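Residues per chain, in single letters:
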Amino acid sequence: LPHIYAKGKFNNFSSGLFMESFGGKSQIIEGKTTMFGNLDSSGKNTVELIGNMNGNLAIYSQNGEIKRWNLLSKMFGLVNIKEMLKNKSSFAKDGLSYKRLGATFKVNEGIFNTKDFLIDSPSMLITGTGKLNANNNEIDGTVTVSPLVTVDRTIDKIPILRNILKKKYKGFLSVTFKIKGQL
């Protein structure tokens, strides 16, 4: 029975290349990415190898841009971000630049669980938790969008206001979405 164990770190590679290697489109995300962890699996074929995968994985990217991501577009439409950020660029037209993007995953039997998904952008903060099931290409999670980053950063500098106005890992104004379905 074939057994695969991989441990290591990949530095400074294109986010688009990473997306493409998992069947996505390379032009969706631009940015330099670092990935590290260990994955272990065994099985007779690809389906068994994915289903038996265990380990840890961390993926981080800095100073990049998300050109197109249907899920984010739908969330922004519901929150009406365009009206809140009248002088900011439109995600659908210009994309979303970010300072940091990343997550750590605990992998158990082909299911990637995260408690710290993050997109830190000049215009908003997006955090999330949940799981990606590589066995059936499903996602089940929660994402919180905090669109008023400038207000949040000002509140963060005033401890009394921060304690009164903000919840941990959320902004002053935030909207939480439940995400469930096929990737």
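Definitions and cut-offs
Residues numbered from 1 in each chain as written. Predicted model: local features only at pLDDT ≥ 70, side-chain atom pairs only at ≥ 80, totals over all residues. Heavy atoms only, no water. Helix = DSSP H or I, 4+ residues; strand = E, 2+ residues; numbered from the N terminus. Contact = heavy atoms within 4.5 Å. Pairing = 2+ DSSP bridges. Axes fitted to C-alpha atoms, helices over the stretch in contact; angles between N-to-C directions. Phe/Tyr/Trp six-rings, centres within 6.5 Å; stacked < 30°, edge-to-face > 60°. Buried < 20%, exposed > 50% of the residue type's maximum accessible area, 1.4 Å probe, protein only. Core = buried A, V, L, I, M, F, W, Y, C linked by side-chain atoms within 4.5 Å. pLDDT = per-residue confidence, 0-100. Salt bridge = Lys/Arg side-chain N within 4 Å of Asp/Glu carboxyl O.

**Student:** For this particular structure, what's the right way to read the overall build of the protein?
**Tutor:** In terms of regular secondary structure, the protein is built from 7 helices and 8 strands. Across the protein, the fraction of contacts at a sequence separation of at least 24, relative to all contacts at a separation of at least 6, is 59%.

**Student:** What is the right way to read the sheet that holds strand β1 (residues 3-14) from this model?
**Tutor:** As summarised here, the arrangement of the 8 strands in space is β1-β2-β3-β4-β5-β6-β7-β8, forming an open sheet in which the pairing is antiparallel. If you trace the sheet from one side to the other, it starts and ends with β1 and β8 (175-182), each paired once. On average, adjacent strands in this sheet sit at an angle of 10° to one another, irrespective of strand direction. Summarising the sheet, strand β3 (residues 54-66) and strand β4 (residues 96-108) pair through 11 bridges and their orientation is antiparallel. For E65, the partnering residue across the bridge sits in β4 and is S97.

**Student:** How do you make sense of the packing of aromatic side chains when you look at a structure like this?
**Tutor:** Under the counting rule described, the total for this entry stands at 2 aromatic pairs. Their ring planes at 25° and their centres at 6.4 Å tell us that F36 and Y60 sit as a pair that is stacked. Of this pair, F36 sits in strand β2 (residues 29-42) while Y60 sits in strand β3; the two residues are 24 residues apart in sequence, bridging distant segments of the chain. Judged by its relative accessible area of 37%, Y60 is partly exposed.

**Student:** Explain the environment of N12 to me, please; I cannot follow it from the model alone.
**Tutor:** With respect to the secondary-structure elements, N12 resides in strand β1. By relative accessible area, N12 is classed as exposed at 54%. Put simply, N12 and T34 are 22 residues apart on the chain and 5.6 Å apart in space, counted from C-alpha to C-alpha. Setting aside its immediate chain neighbours within four residues, N12 contacts K32, T33 and T34.

**Student:** Got a minute to help me understand the nonpolar core in this structure?
**Tutor:** One broad trend across soluble globular proteins is that nonpolar side chains are buried collectively. Counting 12 residues, the largest nonpolar core is built from I29, I66, L96, Y98, L101, I119, M124, I126, V143, V145, F177 and I179. Looking at this core, the elements with two or more residues in it are β4, β7 (138-146) and β8. A total of 3 residues in this core trace back to one element, the largest contributor, which is β4. F13, M53, A103 and F112 belong to the second-largest nonpolar core, a separate cluster that totals 9 residues.

**Student:** Please explain the pairing of β3 as it appears in this structure.
**Tutor:** Each regular strand carries side chains that alternate between the two faces of the sheet. Pairing between β2 and β3: 11 bridges, direction antiparallel. In the strand pairing of β3, G37 is matched with L57.

**Student:** Help me understand the confidence of the model for the protein, please; the structure alone is not making it clear to me.
**Tutor:** The predicted structure's coordinates, where accompanied by low pLDDT, should not be read in detail. Confidence along the protein averages 77 in pLDDT terms, with 64% of residues attaining 70 or more. Mean pLDDT across the elements of the protein bottoms out in helix α4 (residues 81-84) (46) and peaks in strand β5 (residues 111-120) (94). Segment residues 80-85 is flagged for pLDDT under 50; beyond a separation of four residues in sequence, or across chains, it makes 9 contacts in the model.

**Student:** Can you walk me through the pairing of β2 in this structure?
**Tutor:** Sheet topology note: the β1/β2 ladder contains 10 bridges and is antiparallel. Each bridged residue has a counterpart across the sheet, and for F10 the counterpart in β2 is M35.

**Student:** So what exactly am I meant to see when it comes to the pattern of salt bridges here?
**Tutor:** Oppositely charged side chains are able to pair whenever their charged atoms sit close together. The tally for this structure, following the rule as stated, stands at 4 salt bridges. Put simply, D140 and K178 hold a salt bridge, and the shortest N to O gap is 2.8 Å. Here the residue D140 occupies a position in strand β7, and K178 occupies one in strand β8, the gap between them amounting to 38 residues. Two residues, D140 and K180, come together in a salt bridge whose shortest N-O distance is 3.9 Å. Remark: K180 occurs in strand β8 and D140 occurs in strand β7; sequence separation between them is 40 residues. Three or more residues joined by partner-sharing salt bridges are found here, namely D140, K178 and K180.

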